[in-house]
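Coordinate inspection notes
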Amino acid sequence: MHPMLRLYNTLTREKATFTPIDPTHVRMYACGPTVYDAAHIGNARPIIVFDLLFRLLRHLYGEAHVTYARNVTDVDDKINARARERGITIRALTDGTLAQFHADIRRLGVLMAEDVNGAGGRPRFIEPRATDHIDEMHRLIEGLVAAGHAYVAEGHVLFDVPSMPEYGALSKRPLDEMEAGARVEVAPYKRSPLDFVLWKPSKAGEPSWPSPCGLSEPGRPGWHIECSAMSWKHLGETFDIHAGGIDLIFPHHENEVAQSRCCFGTSVMAHVWLHNGFLQVEGEKMSKSLGNFITIGQVLADWPGEIVRLNMLKTHYRQPIDWTLRGLEESGRMLDRWYEAAGEAAPDAEAPVGVVEALCDDLNTPAAIGELHRLAGTSAPALKAGAGLMGFLGQTRTQREAARVDASGVDVARVEALLAERKAARAAKDWPTSDRVRADLAALGVSVKDNKDGTTTWTVAG
Ligand code: AMP
Ligand code: ZN
């Protein structure tokens, strides 16, 4: 019997037992990146955290019974501007950025489509792109107009916020307060300042698509409608879990809820809403002007992805996280210790209950990591199984060492030759030669360890 999964739901502001709508098909959606430029290390947080949730759901409900959709926003003002600067199409720009993003997150141990989607059956991981769902957006927008929740004005289609009395339920902002607080909107075509754009006309040179609602001018979608369209297409009108960073609660998620519920006449869009806290760098908000804006690629140039993943999961996902050099160094030492303890062991068939229970408590990763640390002192196979569930220790100690040597570019034959020379010098009590050889090895970045059993082992730095 599996432990109960409990999740903190932003919609109710409570931690509650997760009950899927259909346990044979658990469905989750996460708002993914806007691919106009290299993603920063903050963007890696929801990717890693919700990958862990996906792994946990697969563990609890079975691999064939979970579908995870994480979208890609491939049209917006920044994308349009960047593509125009470079004189390329938005597709060419976003294809390039997306390929880089995939290469980066693969190194963070994130499950990818090719890892989980079998030859047959329904896909388990889907990465829908906004511009491939214009049709669904049209249908949603026209449905909203027909239901009296949206209107056409000056080439735009707008969502009529006051038409939905429960608007604000997710972000806990009562409608009348929002109305009182709203700045007087300049857009003259809005009936209420709270109304938001579902579709708008494209300016000259911007990408455009045929418009819905009989509008003759071509246009492009507003931001929020894309996620209502993609989650509907791939997961249905109502699904289990919707996730993203805390900055998305308002207005993005609030508006997604309004669109989906009002179009389909449902009482919920997703049952559980999860939001990760923000990442800051060395105690400061990450920003280009402060010079502390770091991309995932820059972090990965200095640190193995597994260390980056552990460093991200050491903090509970709802807490803010301070990304520091010290934290990364600590995470590196922790992983070294786990690899050392796991050695060449094969994982237990079952994940250790302590780790599963910790994760089932609203993804309590600090507790799960504490449990792995304890297992490192008691059971290598259990450590391997628990770490495997969380996306760690995919290799044995020897394999990891070989990969490190490989990545370091050290000439293994030369190292072996120097070690042989050192052994001979030591046998002959030729200490000056032995010391010189040790210095040569150190210059290669190799450190040598003479073990109690008479063997000598070596490692490369980093
Ligand atoms: P964006 O590409 O800005 O739309 O963001 C993609 C995802 O990253 C969203 O789920 C955001 O909430 C999340 N995100 C952006 N910045 C940060 C940050 N500094 N810390 C944590 N999550 C973030
Ligand atoms: Zn979204």
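Parameters and conventions
Position labels on residues start from 1 in each chain and follow its written sequence. Naming scheme: in the order in which they are written, chains are lettered from A and ligands are numbered from 1. Where totals are concerned, whole chains, interfaces and linings use all residues; where local detail is concerned, this predicted model gives features only for residues with pLDDT of at least 70, and gives and counts side-chain atom pairs only at 80 or more. As a convention, hydrogens and water are excluded, and side-chain values are obtained from all of the structure's heavy atoms. For helices the rule is a DSSP run of H or I covering at least 4 residues; for strands it is a run of E covering at least 2, with both sets numbered from the N terminus onward. Residue-level accessible areas treat just the shown protein chains as cover; the underlying method is Shrake-Rupley with a 1.4 Å probe. The convention is simple: Lys and Arg are positive, Asp and Glu are negative, and His and the chain ends are not counted. We put the charge of a Lys on NZ, of an Arg on CZ, of an Asp on CG and of a Glu on CD. Any N, O or S atom lying within 2.8 Å of the metal counts as a donor, with the limit raised to 3.2 Å for Na, K and Ca; because water is left out of the atom set, some sites can appear incomplete. A site with four donors is called tetrahedral when every donor-metal-donor angle falls between 85 and 135 degrees; four donors are called square planar, and six octahedral, when opposite donors sit more than 155 degrees apart and all other angles fall between 65 and 115; any other arrangement is irregular. Burial classes follow relative accessibility: with a 1.4 Å probe on protein chains only, a residue under 20% of its type's maximum area counts as buried, one over 50% as exposed, and anything between as partly exposed. When DSSP finds two or more bridges between two strands, those strands count as paired. Definition used for salt bridges: Asp or Glu carboxyl oxygen within 4 Å of a side-chain nitrogen of Lys or Arg. Those domain boundaries reflect an automatic or database domain assignment. One fewer than the residue count of a helix, multiplied by 1.5 Å, yields its expected span. Orientation is described by axes fitted as lines to C-alpha atoms, over the contacting stretch for helices, and by angles from 0 to 180 degrees between their N-to-C directions. Relative orientations are named as follows: roughly parallel for angles under 35 degrees, roughly antiparallel for angles over 145 degrees, roughly perpendicular for angles from 65 to 115 degrees, and oblique for any other angle. Contact definition: two residues touch when any of their heavy atoms are within 4.5 Å. As a working rule, the residues Ala, Val, Leu, Ile, Met, Phe, Trp, Tyr, Cys and Pro are called nonpolar, Asp, Glu, Lys and Arg charged, and the rest polar, with Gly in that last group. Only buried Ala, Val, Leu, Ile, Met, Phe, Trp, Tyr and Cys residues count toward a nonpolar core, and they belong to the same one when joined by side-chain atoms within 4.5 Å. One heavy atom within 4 Å of a molecule or strand makes the whole residue count as near it. Pairs of N or O atoms within 3.5 Å make up the polar contacts considered here, provided that, within protein, one atom can donate a hydrogen while the other can accept it, and that residues adjacent in sequence are counted only when both atoms are side-chain atoms.

Concerning the overall build of the chain
- Across its full length, the chain carries 17 helices and 15 strands.
- Per element, the accessible surface of the chain, about 20900 Å² overall, is 53% carbon and sulfur.
- The average position of the 51 basic charges and that of the 60 acidic charges among the side chains of the chain differ by 4 Å.

Details of the coordination of the zinc ion (ligand 2)
- Looking at the zinc ion (ligand 2), one finds its protein donor set to be Cys31 (SG), Cys227 (SG), His252 (NE2) and Glu256 (OE), positioned 2.1 to 2.6 Å from the metal centre.
- Taken together, the four donor atoms coordinating the zinc ion (ligand 2) span angles of 73 to 127° at the metal, a pattern that classifies the geometry as irregular.
- Linear spacing of the donor residues for the zinc ion (ligand 2) on their chain is C-x195-C-x24-H-x3-E. Taken as a pair, Cys31 in the loop between strand S3 (26-30) and helix H1 (44-61) and Cys227 in helix H7 (residues 224-235) lie far apart in primary sequence, 196 residues in all. Like Cys31, the residue Cys227 is buried in the burial classification.

Let's talk about the pairing of strand S14 (residues 446-450)
- Looking at chain direction, S14 and strand S15 (residues 456-460) are connected through five bridges and run antiparallel. In the strand pairing of S15, Lys449 is matched with Thr457.
- What sits between the antiparallel neighbours S14 and S15 is a turn of five residues, in which Gly454 has the positive phi angle 90°.

Focus on the pattern of salt bridges
- Applying the stated criterion to the full structure yields 30 salt bridges.
- Across the salt bridge formed by Arg106 and Asp115, the nearest N and O atoms sit 3.4 Å from each other.
- As a salt-bridge pair, Asp450 and Arg422 come within 2.8 Å of each other at their nearest N and O atoms. Here the residue Asp450 occupies a position in strand S14, and Arg422 occupies one in helix H16 (residues 412-427), the gap between them amounting to 28 residues.

Quick notes on the domain arrangement of the chain
- Taken as a whole, the chain is organised into domain 1 (6-132 + 228-302), domain 2 (147-223), domain 3 (305-313 + 320-400) and domain 4 (410-460).
- Placing the centre of domain 3 and that of domain 4 at their C-alpha centroids yields a distance of 32 Å.

A closer look at helix H15 (residues 397-408)
- Across its twelve residues, H15 extends 16 Å between first and last C-alpha, which sits within 8% of the 16 Å expected from 1.5 Å per residue.
- Directly beyond the C-terminal end of H15, a positive phi value near 75° is found at Gly409.

Focus on the packing of helix H12 (residues 353-360) against helix H13 (residues 365-376)
- Two elements in contact, H12 and H13, have axes separated by 7 Å at closest approach and are oriented at 170°. Taken together, the axes of H12 and H13 lie roughly antiparallel to each other. For the pair formed by H12 and H13, the contact residues are Gly354, Val355, Ala358 and Leu359 on the first element and Thr365, Ala367, Ala368, Glu371, Leu372 and Leu375 on the second.
- Among the residues forming the contact of H12 with H13, the class breakdown is seven nonpolar, two polar and one charged.

So, the side chain of Ser171
- Looking at where Ser171 falls in the secondary structure, it is placed in the loop between strand S7 (156-159) and helix H6 (175-181).
- In contact with Ser171, other than residues within four places in its own chain, are Arg13, Ile249, Phe250 and Glu254.

Considerations on the nonpolar core
- Judged by nonpolar contacts, the single largest core of 77 residues is most densely connected at Trp323 and Trp338.
- When residues are assigned to domains, this core turns out to be shared by domain 1 (6-132 + 228-302) and domain 3 (305-313 + 320-400), each giving three or more.
- Ignoring any residue separated from it by four or fewer positions in sequence, one finds Trp323 in contact with Ile41, Leu279, Gln280, Val281, Glu282, Ile294, Val299, Val308, Asn311, Met312 and Leu328.
- By size, the runner-up hydrophobic cluster in this structure holds 46 residues, among which are Cys31, Leu93, Leu215 and Leu235.

Quick look at the sheet that holds strand S4 (residues 66-70)
- The five strands are arranged S5-S4-S3-S10-S11 in an open sheet whose pairing can be described as parallel. The sheet is open, and its two borders are formed by strand S5 (125-126) and strand S11 (270-276), each paired with just one other strand.
- Examined bridge by bridge, S4 and S5 share two bridges and lie parallel to one another. By the bridge assignment for S5, Ala69 is matched with Ile126.

As for the sheet that holds strand S8 (residues 196-201)
- In spatial order, the strands read S6-S7-S8-S9; together these four strands make up an open sheet with antiparallel pairing. Each edge of the sheet is formed by a strand with only one pairing partner; in this case those strands are strand S6 (150-153) and strand S9 (219-221). Taking each pair of neighbouring strands and ignoring which way they run, the sheet shows an average axis angle of 20°.
- Relative to S9, S8 is paired through three bridges, and the arrangement is antiparallel. What sits directly across from Trp199, in S9, is Pro221.

What to know about unusual backbone geometry
- A cis amide bond links Phe250 with the next residue in sequence, Pro251, at an omega value of 0°.
- Among the secondary structure elements, Pro251 is positioned in helix H8 (residues 249-264).
- In this structure, Asp362 is a non-glycine residue whose phi angle is positive, near 50°.
- Among the structural elements, Asp362 can be located in the loop between H12 and H13.
- Residue Asp362 is classed as buried on the basis of its relative accessible area of 1%.
- Notably, Leu393 is not glycine yet its phi reads approximately 50°, a positive angle.
- Structurally, the position occupied by Leu393 is in the loop between helix H14 (380-389) and H15.
- Taking the relative accessible area as the measure of exposure, Leu393 reaches 4% and is therefore buried.

With respect to the site of ligand 1
- Taken together, 16 residues are adjacent to ligand 1, and Thr34, Asn43, Gly245, Asp247 and Leu279 come closest.
- Taking Gly42, its main chain carries an N or O atom lying 3.2 Å from a nitrogen atom of ligand 1.
- Within the side chain of Asp247, a nitrogen or oxygen atom sits 2.4 Å from an oxygen atom of ligand 1.
- Relative to its unbound accessible area of 490 Å², ligand 1 is 86% covered by the protein chains.

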